[in-house]
Amino acid sequence: MKPRDLSHHVAYQAGRGIEEVARELECDPSELIKLASNENPHGPSPAAIVAIRDAATDVSSYPKAAHADLVEAIADRWEITPPQVWLANGGDGFIDYLHRALLEPDDGILVPDPGFAYYGMSAHFHHGQVRTYPLAADDDFAQNATDICDSYNSERVIWITSPHNPSGSTMALEEIERLAIETDDDTLIVVDEAYGEFADLESAVALIEGRQGFDAREDVAVLRTFSKAYGLAGLRLGYGIVPATWADAYARVNTPFAASEIACRAGLAAIEDTEHVTRTVETATDAKATMGDRINAHVWPSEGNFVLVDVGDATTVAEAMQERGVIVRDCSSFGLPNCIRITCGTDAETERAVETLNAVLDSHVEVGDA
Ligand SMILES: Cc1ncc(COP(=O)(O)O)c(C=O)c1O
């Protein structure tokens with residue numbers, strides 16, 4: 001007995017956890033800070049914590065009512081109809097649902113390189129083919145329709161990450177519209193807005209709904225998540241927004257009850273706690289300014305809750321920072337062996353990250369000079 005041929009499948013490389021690193025360094029976890037997975041440094045909204053506690057007694061029931069309530073709250077937030085909301089087990093769950101709904105065997109998807117690994121992994125699970133379009137570091141990872149069209153070969157789905165992980169670049173709605181116009185009618189443009197709350201940019205929901213002067217489109221969808229600005233990464237809650245014309249496909253592709261009762265209750269509380277999101281976004285804005293001003297290396301401008309830094313040798317620098325208690329993301333696995341990605345922390349965490357990185361960079365210059 002063997003699994004099917006999985007030789008084309010690569011394992012997802014998550015940022016390392018504090019406990020795992022503390023064990024390896026034989027230190028107390030409280031001595032470490034983790035700025036490697038773009039999590040919320042303020043934790044979940046206090047209202048979500050209360051909702052999680054309160055939901056504990058209800059977990060013997062399937063999350064049907066909670067699911068409907070949350071879908072309605074999300075639909076209100078975006079001024080769309082509830083069926084357009086595809087609630088999922090994290091944004092990752094929505095990526096799977098879309099591929100289930102769209103891909104026939106051997107259909108292609110087009111994804112950014114560098115980019116978020118799960119688009120390709122999920123397409124492979126669904127017997128799809130994966131091709132990439134390049135985003136260039138020396139062009140600040142700029143995203144525009146012309147360059148993506150150069151790589152386009154009638155793929156069924158094109159993934160746009162805006163803000164982009166790991167660079168923080170964005171794609172203007174006019175460019176997304178142009179891409180949708182220039183590609184085939186049955187090519188879906190999915191705009192992954194996992195970091196949308198942090199960006200000074202309107203959501204691509206405007207393209208789906210025909211707002212702000214855009215014509216309504218059936219070939220654009222949007223991904224959003226509760227993992228980042230809402231601080232619920234551990235609960236696994238995300239959703240997609242799709243055009244009303246084909247939204248009913250959800251009923252035929254979703255995994256029943258994949259968004260848990262606790263996740264739905266917490267999501268409902270979190271979506272109403274706008275104060276927590278505002279505070280989170282303000283902290284990230286300050287952290288980006290601090291890192292941009294004070295890090296002694298090239299920091300790309302970012303619209304996410306993280307920055308990408310050119311440090312020369314990412315693995316050496318990330319390991320040296322880790323030894324000094326600051327866990328950051330070595331971007332070698334993104335194909336950027338000279339870059340690390342640092343998540344925006346609290347003021348104190350960001351300060352420590354800046355000082356640690358500058359000290360590591362200084363010590364490496366000295367080693368190089370010796
Ligand atoms: C660009 C991007 N999209 C989607 C996700 C998925 O997030 P989640 O499954 O936690 O909602 C992530 C997570 O890091 C991400 O960086």
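Refer to the structure printed above.
Residues numbered from 1 in each chain as written. Predicted model: local features only at pLDDT ≥ 70, side-chain atom pairs only at ≥ 80, totals over all residues. Heavy atoms only, no water.

K.L.:
Would you explain the sheet that holds strand β8 (residues 238–241) in this entry?
P.N.:
To summarise the sheet geometry, strands pair through backbone hydrogen bonds and adopt either a parallel or an antiparallel arrangement. Pairing in this open sheet of seven strands is mixed, and the strands run β2-β8-β7-β6-β5-β3-β4 from one edge to the other. With one partner strand each, in any of the chains shown, β2 (85–88) and β4 (129–134) form the two edges of the open sheet. Each strand of the sheet is rotated relative to its neighbour by a mean of 25 degrees, with strand direction disregarded. As defined by bridge partners, strand β5 (residues 157–161) adjoins strand β6 (residues 188–192) across five bridges and the pair is classed as parallel. Note on β6: the bridge partner recorded for Val157 is Leu188. Along the sheet, helix α3 (residues 64–78) contacts β2, β7 (220–225) and β8; its crossing angle with β2, the most-contacted strand, is approximately 130 degrees. Here helix α5 (residues 118–125) sits on the sheet in contact with β3 (108–113), β4, β5 and β6, set at roughly 160 degrees to β3. (Pairing = 2+ DSSP bridges. Helix = DSSP H or I, 4+ residues; strand = E, 2+ residues; numbered from the N terminus. Axes fitted to C-alpha atoms, helices over the stretch in contact; angles between N-to-C directions. Contact = heavy atoms within 4.5 Å.)

K.L.:
Help me out: how do you make sense of the site of the ligand in this one?
P.N.:
Surrounding the ligand, one finds 13 residues, the nearest of these being Gly91, Asp192, Thr225, Ser227 and Arg236. Within the side chain of Tyr195, an N or O atom sits 2.8 Å from an oxygen atom of the ligand. Contact distances for the ligand include 2.7 Å between an oxygen atom and a side-chain N or O atom of Ser227. Relative to its free-state accessible area of 390 Å², the ligand is covered by the protein chains to the extent of 93%. Looking at the shell around the ligand, the element that brings in the most residues is helix α4 (residues 90–102), giving three residues. Classifying every residue of the shell around the ligand by side-chain character gives three nonpolar, six polar and four charged. (Near = heavy atom within 4 Å. Polar contact = N/O pair within 3.5 Å; in protein donor to acceptor, adjacent residues only side chain to side chain. Areas by Shrake-Rupley, 256 points an atom, 1.4 Å probe, with all protein chains shown as cover. Nonpolar A, V, L, I, M, F, W, Y, C, P; charged D, E, K, R; others polar.)

K.L.:
For this particular structure, what's the right way to read the nonpolar core?
P.N.:
Nonpolar side chains in soluble globular proteins generally cluster together in the buried interior. Of all hydrophobic cores here, the largest spans 114 residues; its most connected members are Trp86, Leu87, Trp159, Ile340, Ile342 and Leu357. Here the element with the most residues in this core is α3; it accounts for seven residues. Those residues in contact with Leu87, other than ones at most four positions away along the chain, are His67, Leu70, Val71, Ile74, Tyr97, Leu237, Gly238, Tyr239, Tyr250, Ala259 and Cys264. In this structure, Val21, Ala22, Leu32 and Ile327 belong to the second largest nonpolar core, which totals five residues. (Core = buried A, V, L, I, M, F, W, Y, C linked by side-chain atoms within 4.5 Å. Buried < 20%, exposed > 50% of the residue type's maximum accessible area, 1.4 Å probe, protein only.)

K.L.:
Explain a negative patch on the surface here, please?
P.N.:
Taken together, Asp138, Asp139, Asp140, Asp147 and Asp150 make up a surface patch of like negative charges. Relative to the helices and strands, Asp147 resides in helix α6 (residues 145–151). (Patch = residues over 30% accessible without salt bridge, like charges linked within 9 Å, V, L, I, M, F, W, Y side chains within 5 Å. Salt bridge = Lys/Arg side-chain N within 4 Å of Asp/Glu carboxyl O. Lys, Arg positive; Asp, Glu negative; His and termini not counted. Charge placed at Lys NZ, Arg CZ, Asp CG, Glu CD.)

K.L.:
Can you walk me through unusual backbone geometry in this structure?
P.N.:
Generally, phi is negative for residues other than glycine and the peptide bonds are trans, each holding for most cases. Looking along the chain, the bond that leaves Asp113 and enters Pro114 is cis, with omega of 5 degrees. Mapped onto the fold, Pro114 is located in the loop between β3 and α5. The omega torsion of the bond from Ser162 to Pro163 falls at 5 degrees, within 30 degrees of zero and hence cis. For Pro163, the location among the structural elements is in the loop between β5 and α7 (173–182). Even without being glycine, His127 reaches a positive phi, approximately 60 degrees. The residue His127 is located in the loop between α5 and β4 in this model. Given a relative accessible area of 45%, His127 falls into the partly exposed group. The phi dihedral of Phe257 is positive, around 60 degrees, even though this residue is not glycine. Relative to the helices and strands, Phe257 is located in the loop between α9 (250–253) and α10 (261–272). Its relative accessible area of 38% is what places Phe257 among the partly exposed residues.

K.L.:
Just to check I follow, could you spell out the pattern of salt bridges for this structure?
P.N.:
Between side chains of opposite charge, a pair can form as their charged atoms come close. One pass over the structure, following the stated rule, counts 13 salt bridges. A salt bridge links Glu39 to Lys34; the nearest nitrogen and oxygen atoms lie 3.2 Å apart. Look at Glu39 and you get partly exposed, because its relative accessible area is 32%. Taken together, the salt bridges that share partners define one network made up of Asp69, Glu261 and Arg265.

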